[in-house]
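# Observations on the three-dimensional arrangement
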Amino acid sequence: MIQNEVLSGLHARRSTRSFQDLQIEPEELDTLLDAAIWAPSGGNNQSWLFTAIQSKEKLLKLNELVKEGYQHWVPDDDYPGKLAMRTASQKEGFSFYYHAPTLIITSNRPNYENAMADCSLALENVFLAAQSIGIGSCYINHLHWLRDDGHVRDFLFELGIPKEHAICSAAAIGYIKKESSPPRRREGTIHIVR
Ligand SMILES: Cc1cc2nc3c(=O)[nH]c(=O)nc-3n(C[C@H](O)[C@H](O)[C@H](O)COP(=O)(O)O)c2cc1C
């Protein structure tokens with residue numbers, strides 16, 4: 001197969017779940033946010049909003065609201081992944097963003113069909129850019145799951161995210177404390193018709 005710098009970075013990227021207690025440099029954050037806005041978007045809408053939170057205090061407050069939110073918004077018959085999160089959220093030391101020093105939240109205008117697709121592509125740009133400058137990252141789904149929680153939404157509004165916005169996804173960002181090992185790639189997921 002062809003090898004180059006982009007492809008090597010793409011293979012080397014991992015979801016980081018253990019971060020150093022040290023903030024990334026402003027230039028590094030700017031680089032990641034710039035990578036985000038250069039992603040493709042449906043019809044070139046670029047209607048996304050990338051909100052980077054670097055205040056430890058605000059992140060801890062958000063974590064408390066997420067913990068509370070899980071008790072209200074995940075019913076007993078929800079799917080196993082979410083139920084596991086509901087259980088995990090009640091444990092001592094739970095941090096939905098793995099205590100990362102930076103959280104980038106992606107949101108998009110309401111009733112826009114490509115909201116999630118656009119924000120996800122932008123986040124992959126962030127992940128690959130982060131990998132290329134030695135920074136760890138991880139996709140964080142919790143705020144999307146709790147997007148209808150009034151307390152979470154009030155606080156996100158305080159942080160500048162419009163009430164009507166669709167909360168799409170988030171990325172935990174920071175220097176890596178513990179490397180993640182690459183999960184095996186499933187076989188049989190590629191189909192070529194020539
Ligand atoms: C839509 C989506 C949601 C995800 N949500 C979370 C999450 O909330 N927390 C988390 O730790 N990882 C989350 N991940 C990361 C995956 O668990 C991870 O990509 C997968 O295990 C493969 O590992 P890798 O990224 O190191 O290749 C998510 C990934 C995707 C694409």
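It should be noted that the structure appears before, not after, this text.
Quick look at the structure, then. (Residues numbered from 1 in each chain as written. Predicted model: local features only at pLDDT ≥ 70, side-chain atom pairs only at ≥ 80, totals over all residues. Heavy atoms only, no water.)

## Regarding the pairing of strand 2 (residues 102-108)
When a strand is regular, its side chains alternate between the sheet's two faces. The buried fraction of strand 2 is high, at seven of seven residues. Where burial is concerned, the two faces of strand 2 agree: the one with T102, I104, T106 and N108 and the one with L103, I105 and S107 are both buried. Pairing between strand 1 (residues 49-53) and strand 2: five bridges, direction antiparallel. Residue pairing in the sheet places I53 in a bridge with L103 of strand 2. Pairing of strand 2 with strand 4 (residues 166-174) involves seven bridges; the strand directions are antiparallel. Bridging across to strand 4, S107 finds its partner in I167. (Buried < 20%, exposed > 50% of the residue type's maximum accessible area, 1.4 Å probe, protein only. Helix = DSSP H or I, 4+ residues; strand = E, 2+ residues; numbered from the N terminus. Pairing = 2+ DSSP bridges.)

## Remarks on the pairing of strand 3 (residues 136-140)
Most of strand 3 is tucked away: four of the five residues are buried. Note that strand 3 and strand 4 share five bridges and pair antiparallel. Of the residues in strand 4, the one forming a bridge with G136 is G174.

## Digging into the nonpolar core
Within the largest apolar cluster, 27 residues are counted, with the highest numbers of intra-cluster contacts made by L62, F96, L103, I105, L143 and L156. Those elements that place two or more of their residues in this core are helix 3 (56-73), strand 2, strand 3, helix 6 (142-145), helix 7 (150-158) and strand 4. Top contributing element to this core by residue count: helix 3, with five residues. Counting 23 residues, the second-largest nonpolar core is a separate cluster that includes W48, A115, A171 and I173. (Core = buried A, V, L, I, M, F, W, Y, C linked by side-chain atoms within 4.5 Å.)

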